[in-house]
Amino acid sequence: MKKMIANFKNLSIVVKFTLIIVLAFILLSGSILISARLYEKERLATYYGVHSSNNRQLLDKIDSYIADISNVTKIPLTYKINDSTYMSLLSDFNDTGFSSYEFQRQNEQIFEQIMTYKDEVNSCYIFNTKGEADYKVKYAIYSPFDPTDTYWFKEAIYSFGKPVLVRTYELPEIVNKNLRPVYVFGIARGIVQLKSGSVIGILLVNTEVRYLEKLCDEVSLGANQRILIMNGSHCIYDTKGEFTSMSIPSDNDIMSIPEQTKDSFFKCNIDHRSSYATSFFSDNYGLRVISIAPSDDLLGGLTRIQFTNFIQLILIIFAILLITLFALRRVVSPLTLLSSMMKMAEDGDFTNHVKFESLDEVGKLAESYNSLIDRINSLIKEVYLEKINANELELQMLQSQINPHFLYNTLESISMMATINDDDVTSDMAASLGSILRYSISDLNAPVSLLDEIGHVKEYVALLEYRFKNQYRLEIDVPTALYSTQMPKLILQPVVENAIYHGMRTIRTGGVIKVTAFKASRGLFEIRVSDNGSGIPEDDLKLLNDYINEKNDSYDSIGLRNVNRRIRLFCREEKDSSDVGVIVECGENGGTLVRILIRDMS
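Values in this document were obtained by computation on a predicted structure and should not be read as measured data. (Residues numbered from 1 in each chain as written. Predicted model: local features only at pLDDT ≥ 70, side-chain atom pairs only at ≥ 80, totals over all residues. Heavy atoms only, no water.)

Let's talk about the overall build of the chain
Test applied: The helix and strand labels rest on DSSP assignments: H or I over at least four residues marks a helix, E over at least two residues marks a strand, and numbering proceeds from the N terminus. For every residue, the accessible area (1.4 Å probe, protein chains only) is compared with the maximum for its type, and the residue is labelled buried under 20%, exposed over 50%, or partly exposed between those bounds. By the convention used here, residues are in contact when the closest approach between their heavy atoms is within 4.5 Å. Values of accessible area rely on a 1.4 Å probe in the Shrake-Rupley scheme; residue burial ignores everything except the protein chains shown.
If you tally the helices and strands in the chain, you get 15 helices and 19 strands. A buried classification covers 40% of the 602 residues belonging to the chain. Residue pairs in contact within the chain that sit at least 24 positions apart in sequence constitute 60% of those at least 6 positions apart. For the chain, the exposed area adds up to about 34900 Å²; of that, 56% sits on carbon and sulfur atoms.

In structure tokens, the structure reads:
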């Protein structure tokens with residue numbers, strides 16, 4: 001964030017104002033889009049309320065109508081004239097297949113009664129269990145059809161007197177070809193003779209789907225709205241006419257609409273058009289009403305309003321930008337000229353002066369610049385000469401510094417001479433010191449492996465053992481899998497050095513310095529350096545850790561603080577980060593434990 005603010009401050013005034021206007025445009029655009037989305041959501045909620053109310057109303061009317069038809073199919077059970085029950089005539093018709101005059105006459109009266117009760121009824125059929133029928137149809141037909149293979153005929157017999165919904169089918173055998181096709185749906189009921197305890201006939205009452213068309217027209221909200229009345233996957237009626245009397249394929253987009261939509265539209269893609277759908281299901285007869293409205297019908301006007309507002313916003317912002325740029329040019333042009341002069345001065349050209357006729361702030365700034373140029377010209381000779389002298393002195397000092405490589409080569413020569421003179425101790429000490437010096441003078445910023453650090457510590461401890469013979473020993477317990485782990489250079493040696501000179505200060509024999517390492521959590525690995533020395537008092541631990549983290553200056557030593565700082569630089573962590581670095585604790589069995597946490601950069 002600070003870097004972003006700093007970069008913004010360095011931009012030109014024109015760019016700053018342009019960015020501010022663009023930001024205002026983005027905020028206004030976002031505000032318009034959010035408002036439009038909220039309005040769209042509210043509008044869809046309103047439409048959903050209307051659609052759902054209409055769908056429920058339509059479903060209730062259909063359920064009520066089917067319930068009425070189901071009731072009229074009970075008429076044959078109670079029909080009786082002159083003590084001659086209709087059931088005995090139907091039983092004879094079922095047994096013999098012969099339709100007597102009296103049977104036909106009573107059928108005519110029953111059919112007339114049903115059609116008078118419900119004008120929408122198109123046809124009535126009385127079938128015996130063999131599929132033979134007597135009937136009445138509003139249109140002339142050639143002959144009744146054989147229903148024995150239909151699902152509803154078998155189900156009506158099996159249901160033993162319960163009404164069965166007959167899905168939409170084309171009424172066959174209509175004489176007038178101009179009337180075809182005539183699609184009907186109906187209710188079938190098996191007529192049970194209590195005496196024999198068996199079904200002796202089936203009454204079928206049909207209604208044309210034009211009745212459903214009329215009901216759908218009453219609740220339709222537009223020419224493009226599509227309403228489907230379903231029973232399972234079978235379409236009883238489709239206002240589009242595509243699936244009427246058909247089973248809709250399972251891979252059709254309509255079948256993806258849930259059986260019951262709750263609280264909101266179901267967004268779908270029907271006939272390659274984005275649409276919103278509602279669906280309501282009734283348990284009474286297993287019917288389901290689906291209403292589908294194209295998105296353009298519901299939100300088309302809103303989209304046009306959004307587009308118009310967006311174009312207006314662009315034009316307004318563009319006009320503001322032009323006016324602002326024109327005004328800024330009157331201010332920025334003199335500043336640009338002054339800036340170019342300063343750039344020339346920055347490149348070493350102090351011969352040019354700025355001339356402005358105005359006496360405003362920019363003119364006064366130009367006068368100050370001219371005075372500054374004159375002052376620089378008067379000082380440049382003496383400052384330049386002093387700089388030359390200082391550079392020559394610095395070069396001489398650099399040339400007089402001792403070359404570390406010269407020291408390393410000299411130690412190599414001493415080691416070779418000691419070997420020649422059979423002074424093995426001096427030779428080994430010189431070799432160890434040379435190895436330590438060579439490791440130390442190489443690139444300090446380059447990462448090294450954990451194995452390199454361990455090797456350096458071993459050389460360092462080996463050199464000190466000549467002084468502290470048998471006073472302590474170094475134990476290394478590091479898994480070989482961690483040997484290649486990358487870490488900053490010269491991290492372990494200062495910690496081990498602290499353990500020797502401070503932790504082992506009171507130990508004369510039996511001292512142990514142990515180095516262990518393992519994978520830690522959050523992408524870290526941890527190195528632990530512990531000793532069995534005198535330890536650090538509990539009260540001093542917090543003071544020491546705060547010093548290491550540069551929160552106080554209570555100590556003079558810079559070793560652990562420097563290690564801590566270099567680890568954080570290596571891991572690219574902030575100065576006050578606690579995820580990586582050096583932590584000093586009391587050891588489990590006395591002594592001191594130093595934990596080194598480093599991010600695994602590999």
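Quick word on the side chain of glutamine 493
Within the secondary structure, glutamine 493 sits in helix α13 (residues 492–503). Residues within four places of glutamine 493 in sequence aside, it is in contact with His456, Val457 and Tyr460.

Let's talk about the environment of isoleucine 376
Structurally, isoleucine 376 is set in helix α9 (residues 361–400). Among the residues examined, isoleucine 376 registers a relative accessible area of 28% and is labelled partly exposed. Between the alpha carbons of isoleucine 376 and alanine 345 there is a distance of 9.7 Å; along the sequence they are 31 residues apart.

Some thoughts on the pairing of strand β3 (residues 121–127)
Working note: regular strand, side chains alternate between the two faces of the sheet. Rules: By the convention used here, strands pair only if DSSP detects at least 2 bridges between them.
The buried count for β3 comes to seven of seven residues, which makes it a mostly enclosed element. Note: β3 against strand β4 (residues 133–137), five bridges, orientation antiparallel. Across the sheet, the residue bridging to phenylalanine 127 is alanine 133, located in β4. Counting the residues in the hairpin turn of β3 and β4 gives five residues, including glycine 131, whose phi is positive at 95°.

Some remarks on the sheet that holds strand β7 (residues 198–208)
To keep things clear, this is the line we draw: Simply put, an axis is a line fit to the C-alpha atoms, just over the touching stretch for a helix, and the angle between two N-to-C directions goes from 0 to 180 degrees.
The strand order β4-β3-β7-β6-β5 describes an open sheet built from five strands, whose pairing is antiparallel. The open sheet terminates on both sides in strands that have one partner only, identified here as β4 and β5 (163–170). Along the sheet, successive strands turn relative to each other by an average axial angle of 20°, direction set aside. Relative to β3, helix α5 (residues 101–117) is tilted by about 150°, and along the sheet it contacts β3, β4 and β7.

As for the nonpolar core
Going by this rule: Put simply, a nonpolar core is a bunch of buried Ala, Val, Leu, Ile, Met, Phe, Trp, Tyr and Cys residues held in one set by side-chain atoms that sit within 4.5 Å of each other.
Core analysis: the biggest nonpolar cluster contains 45 residues, and Leu450, Ile500, Ile527, Ile567, Ile596 and Ile598 have the highest contact counts within it. Looking at this core, the element that brings in the most residues is helix α12 (residues 450–464), giving seven residues. Excluding its chain neighbours within four sequence positions, the residues that come into contact with isoleucine 500 are Tyr460, Val461, Leu464, Phe468, Tyr472, Arg505 and Ile513. In terms of nonpolar packing, the next biggest core, distinct from the first, is built from 44 residues, Tyr48, Ile229, Leu287 and Val289 among them.

Looking at the pairing of strand β18 (residues 581–586)
Summarising the sheet, β18 and strand β19 (residues 592–599) pair through six bridges and their orientation is antiparallel. Bridge pairing in β19 links cysteine 586 to threonine 592. Linking β18 to β19, which pair antiparallel, is a turn of five residues; within it glycine 590 sits at a positive phi near 90°.

Some points on the pattern of salt bridges
The condition is simple: Note on definitions: salt bridges are taken to be side-chain nitrogens of Lys or Arg within 4 Å of carboxyl oxygens of Asp or Glu.
A full pass over the atoms with the stated rule returns 17 salt bridges. The salt bridge involving glutamate 242 is made with arginine 226; its shortest N-O contact spans 3.0 Å. Remark: arginine 226 occurs in strand β8 (residues 226–231) and glutamate 242 occurs in the loop between β9 (234–238) and β10 (266–270); sequence separation between them is 16 residues. The exposure class of arginine 226 is buried, given its relative accessible area of 5%. Three or more residues are tied together by salt bridges with common partners; here these are Arg226, Asp238, Lys240 and Glu242.

A closer look at a nonpolar patch on the surface
Keep this limit in mind: Patches draw on residues past 30% relative accessible area with no salt bridge. Two like charges within 9 Å are joined, as are two nonpolar side chains (Val, Leu, Ile, Met, Phe, Trp, Tyr) within 5 Å.
A surface patch of nonpolar side chains, about 250 Å² in accessible area, is lined by Ile311, Ile314 and Leu315. For isoleucine 311, the position within the fold is in helix α8 (residues 295–346).

Quick look at the layout of surface pockets
Under the convention used in this document: Here the term cavity refers to a set of points on a 1 Å grid, laid over the protein atoms alone, in which a 1.4 Å probe fits but cannot get out; the term pocket refers to an open set having protein on both sides within 12 Å along at least five of seven lines, with lining residues being those that place an atom within 4 Å of a point. Grid points are joined across faces, edges and corners, and a volume is the space filled by probe spheres set on the points. In the scheme used here, Gly and all other residues not listed as nonpolar or charged are polar, with Ala, Val, Leu, Ile, Met, Phe, Trp, Tyr, Cys and Pro taken as nonpolar and Asp, Glu, Lys and Arg as charged.
Computed from the structure, the largest pocket encloses a volume of approximately 540 Å³. Looking at the largest pocket, it is lined by 25 residues, and the ones nearest its centre are Asn498, His502, Ile536, Leu544 and Leu560. Mapped onto the lining of the largest pocket, the elements with two or more residues apiece are α13, β17 (524–531), α14 (538–548), α15 (559–570) and β19. The greatest single-element share of the lining of the largest pocket, amounting to five residues, is contributed by α13. Taken together, the residues of the lining of the largest pocket break down into twelve nonpolar, nine polar and four charged.

Considerations on the packing of α12 against α13
Under the convention used in this document: Crossing handedness is read from the near helix: turned anticlockwise from the far helix by less than a right angle, it gives a left-handed crossing, and turned clockwise, a right-handed one.
Relative orientation of the contacting elements α12 and α13 amounts to 30°, with a least axis distance of 9 Å. Like other packed secondary-structure pairs, α12 and α13 cross with a definite hand, here right-handed. Facing Leu450, Glu453, Ile454, His456, Val457, Tyr460, Val461 and Leu464 of α12, the residues of α13 in contact are Leu492, Gln493, Val496, Glu497, Ile500 and Tyr501. Classifying every residue of the contact of α12 with α13 by side-chain character gives ten nonpolar, two polar and two charged.

So, the packing of aromatic side chains
Short version of the rule: Think of it this way: a Phe, Tyr or Trp ring, Trp meaning its six-membered ring, pairs with another when their centres are within 6.5 Å, and the plane angle makes it stacked under 30 degrees, edge-to-face over 60, tilted otherwise. In this analysis the charged atom, NZ for Lys or CZ for Arg, is taken to sit over a ring once it is within 6 Å of the ring centre and within 35 degrees of the ring normal.
Under the counting rule described, the total for this entry stands at 13 aromatic pairs. Plain terms: the ring middles of tyrosine 125 and phenylalanine 127 are 5.5 Å apart, the flat faces sit at 5° to each other, and that makes the pair stacked. The same class applies to tyrosine 125 as to phenylalanine 127, namely buried. Among the aromatic residues, those joined into a ring-pair cluster are Tyr125, Phe127, Tyr135, Phe145, Trp152, Phe153 and Tyr169. Its guanidinium or amino end placed over the ring of tyrosine 151, arginine 167 lies 5.1 Å from that ring's centre, counting from NZ or CZ. If you follow arginine 561 out to its NZ or CZ, it ends over the ring of tyrosine 547, 4.0 Å from the centre.

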